Amino acid sequence: MPATQPLMNTYARQPVAFSHGDGAWLYDTAGRRYLDCLAGIAVNTLGHNHPKLVAALREQVARIIHSSNLFEVPLQTQLGAKLVELSGMTNVFFCNSGLEANEAALKIARKYGHARGVALPEVVVCERAFHGRSIATLSATGNAKVQAGFEPLVEGFVRVPLNDLAALERVAAERPGVVAVFLEAIQGEGGIQPARADYLRAVRRLCDERGWLLMIDEVQCGTGRTGKWFAHQRAGIVPDVMPLAKGLASGVPIGAVVARGAAAEVFQPGNHGTTFGGNPLAMRAGLVTIDAMEEEGLLANASRIGELIMSGVRSGLAGTPGLVEVRGQGLMIGIELDRPCGVLVARALEAGLVLNVTAERVVRLLPPLIFDDGHAGQLLDTLVPLIRRFLEEGAARAA
Ligand SMILES: *Cc1c(COP(=O)(O)O)cnc(C)c1O
């Protein structure tokens, strides 16, 4: 696709524009209906046009949209308190996006290191990680395509494979400048690759022994998507720093860094800031999102519907050559095939499903957390034959 003038050519966009949505359904400008199995990349937690969210935002827009962090913002305090309660951590900084939350985490790690006398602090990051597209966060990202053309990269990162404790122990033995480990509890862009629970617990122990910060990027897997408020909670650990964003305000731009202990005290006035971050509109959206999730039991729903979808895909595609693995937690699901399958995005759209392919070979499902049995059934009825046909085509061509 050529760029849509006058926009920069940053996206290979599908030739569809959505005019409105309702619940888990999206409608394009021609009036066609699609089942939303992507939620704007894990953003529309409550789906579209959620009555509580719409009413609260209408009311908030009329009251105040933005003031400034030069003044008290009571809604920030409220949402901060809620995040503290849900995470077991102590302090929050609000910003506007995932990369901003990760930038703040990286600044915390460096300043924490300097306070401990480390002149050149290093942060351990993972292969296949995705942390954003600013210069620092693309440097932390483990994907050469994201980095290509933007060198020189930011220094101070040491890379290890995910779920490889021995590699991390070697780093501990060899690199005295390390001050933090930074990883996703479930890699999203990397292809729905979960950090194992025993690995997360071992990393927590190593960080405690070494005085390193454990920083868990929950930008995509956080905010209830996996059936826990935060995906690392299935391992029974608490990180020192936790960036959040995507689904936290159900579509209104937001980012947050939650911290505890020494990490929560690193920033002092003048060290960090943001103009838009923590504005009343985004804070209200975050509060209503969490309220509605609690009221509607959306964590349990994500677990249950996620299992339903995963087991349906597994049984529907059982014995189909070319299916590698169906994996995920709650409503963060990857279907890995043995070949590039980007073409499935357009075919699914044609069939009335909005989904995504990541890491070239992984069909990614990130539906809104309001997905019900009917939505899951519709998804399975459409997606399973679509993938089966795609895999059989390849087999026929090879024969
Ligand atoms: C999307 C994502 C980011 C970047 O978030 P933006 O809001 O696009 O800057 C960072 N980390 C993870 C794990 C993500 O999925």
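You'll find the structure just up there.
About the thresholds
Residues numbered from 1 in each chain as written. Predicted model: local features only at pLDDT ≥ 70, side-chain atom pairs only at ≥ 80, totals over all residues. Heavy atoms only, no water. Helix = DSSP H or I, 4+ residues; strand = E, 2+ residues; numbered from the N terminus. Rg over C-alpha atoms; globule rule 2.2 N^0.38 Å. Buried < 20%, exposed > 50% of the residue type's maximum accessible area, 1.4 Å probe, protein only. Contact = heavy atoms within 4.5 Å. Lys, Arg positive; Asp, Glu negative; His and termini not counted. Charge placed at Lys NZ, Arg CZ, Asp CG, Glu CD. Axes fitted to C-alpha atoms, helices over the stretch in contact; angles between N-to-C directions. Parallel < 35°, antiparallel > 145°, perpendicular 65-115°, else oblique. Left-handed = near helix turned anticlockwise from the far one by under 90°. Nonpolar A, V, L, I, M, F, W, Y, C, P; charged D, E, K, R; others polar. Pairing = 2+ DSSP bridges. 1 Å grid on protein atoms, 1.4 Å probe; cavity = no way out; pocket = protein on both sides within 12 Å on 5 of 7 lines; lining within 4 Å. Points joined across faces, edges and corners; volume = space filled by probe spheres on them. Near = heavy atom within 4 Å. Polar contact = N/O pair within 3.5 Å; in protein donor to acceptor, adjacent residues only side chain to side chain. Areas by Shrake-Rupley, 256 points an atom, 1.4 Å probe, with all protein chains shown as cover. Disulfide = S-S within 2.5 Å.

A. The overall build of the protein chain, seen in detail. A tally of regular secondary structure across the protein chain gives 12 helices and 17 strands. Scaling as 2.2 N^0.38, a compact globule of 399 residues should have a C-alpha radius of gyration of about 21 Å, and the protein chain matches this with 21 Å. Across its three principal axes, the protein chain shows a C-alpha extent of roughly 60 × 55 × 45 Å. Going through the 399 residues of the protein chain one by one, you find that 55% of them count as buried. In the protein chain, the proportion of contacts linking residues at least 24 apart, taken out of those at least 6 apart, comes to 72%. When the 38 positive and 39 negative side-chain charges of the protein chain are each reduced to one mean point, those points stand 2 Å apart.

B. Structural view of the packing of helix H11 (residues 343-350) against helix H12 (residues 373-398). Axis separation between H11 and H12 bottoms out at 11 Å; the angle between their running directions is 135°. On the basis of the axis angle, H11 is oblique to H12. H11 and H12 meet at a crossing whose hand is right-handed. Contact residues: H11 offers Val-343, Leu-344, Arg-347 and Ala-348, while H12 offers Leu-386, Ile-387, Phe-390 and Glu-393. Looking at the contact of H11 with H12, its residues break down into six nonpolar, no polar and two charged.

C. A look at the sheet that holds strand S2 (residues 25-28). Overall, mixed pairing links the four strands, which are arranged S1-S2-S3-S15 in an open sheet. Strands with a single pairing partner mark the edges of an open sheet, and in this sheet they are strand S1 (18-22) and strand S15 (353-354). Examined bridge by bridge, S1 and S2 share four bridges and lie antiparallel to one another. Pairing of Asp-22 across the sheet is with Trp-25, part of S2.

D. Here's a closer look at the layout of surface pockets. Put simply, the second largest pocket is a space of about 770 Å³. Taken together, 29 residues line the second largest pocket, and the ones lying closest to its centre are Asn-69, Gln-76, Val-92, Phe-93 and Phe-94. Of all the secondary-structure elements, those providing two or more residues to the lining of the second largest pocket are helix H3 (74-87), strand S4 (91-95) and strand S12 (255-259). Per-class residue counts for the lining of the second largest pocket are 16 nonpolar, 12 polar and one charged.

E. Geometry of the pairing of strand S17 (residues 362-365). Side-chain alternation along S17 places Val-362 and Arg-364 on one buried face and Val-363 and Leu-365 on a second face that is also buried. Strand direction decides the pairing type here: strand S14 (residues 332-337) and S17, joined by four bridges, are antiparallel. What sits directly across from Ile-335, in S17, is Val-363. Sheet topology note: the strand S16 (residues 356-358)/S17 ladder contains three bridges and is antiparallel. Each bridged residue has a counterpart across the sheet, and for Thr-358 the counterpart in S17 is Val-362. The hairpin formed by S16 and S17 contains three residues between the paired strands, and Ala-359 there has a positive phi angle of roughly 50°.

F. Spotlight on the site of the ligand. All residues adjacent to the ligand are Ser-97, Gly-98, Leu-99, Asn-102, Phe-130, His-131, Glu-184, Asp-217, Val-219, Gln-220 and Lys-246. Between the ligand and the protein, one listed contact pairs a nitrogen atom with a side-chain N or O atom of Asp-217 at 2.8 Å. Lys-246 is positioned such that a nitrogen or oxygen atom in its side chain is 2.6 Å from an oxygen atom of the ligand. When isolated, the ligand has an accessible area of 380 Å², and the protein chains bury 82% of it. It is helix H4 (residues 98-115) that provides the largest number of residues to the shell around the ligand, a total of three residues. Of the residues that constitute the shell around the ligand, the class distribution is three nonpolar, five polar and three charged.

G. Spatial organisation of the packing of H3 against helix H9 (residues 280-295). Between H3 and H9, the shortest axis-to-axis distance is 9 Å and the interhelical angle comes to 40°. In this structure, H3 meets H9 at a crossing whose hand is left-handed. Side by side, H3 and H9 meet where Leu-75, Gln-76, Gln-78, Leu-79, Lys-82, Leu-83 and Leu-86 of the first sit next to Pro-280, Met-283, Arg-284, Gly-286, Leu-287, Ile-290 and Glu-294 of the second.

H. Looking closely at the state of the cysteines. Here the structure, examined in full by the defined rule, presents zero disulfides. The thiol sulfur of Cys-221 is not disulfide-bonded, and the nearest other cysteine sulfur, from Cys-126, lies at 12 Å. Since its relative accessible area comes to 1%, Cys-221 is described here as buried.

I. Quick look at the sheet that holds S17. Pairing in this open sheet of four strands is antiparallel, and the strands run S13-S14-S17-S16 from one edge to the other. Strand pairing shows two members of the sheet lacking a second neighbour, strand S13 (323-329) and S16, which therefore form its edges. Strand after strand, the sheet turns through a mean of 25° between neighbouring axes, direction not considered. Contacts between helix H10 (residues 298-316) and the sheet are confined to S13, S14 and S17, with S13 contributing the most and set at about 175° to the helix. Taken strand by strand, H12 contacts S13, S14 and S17, and its axis lies near 20° from that of S14.

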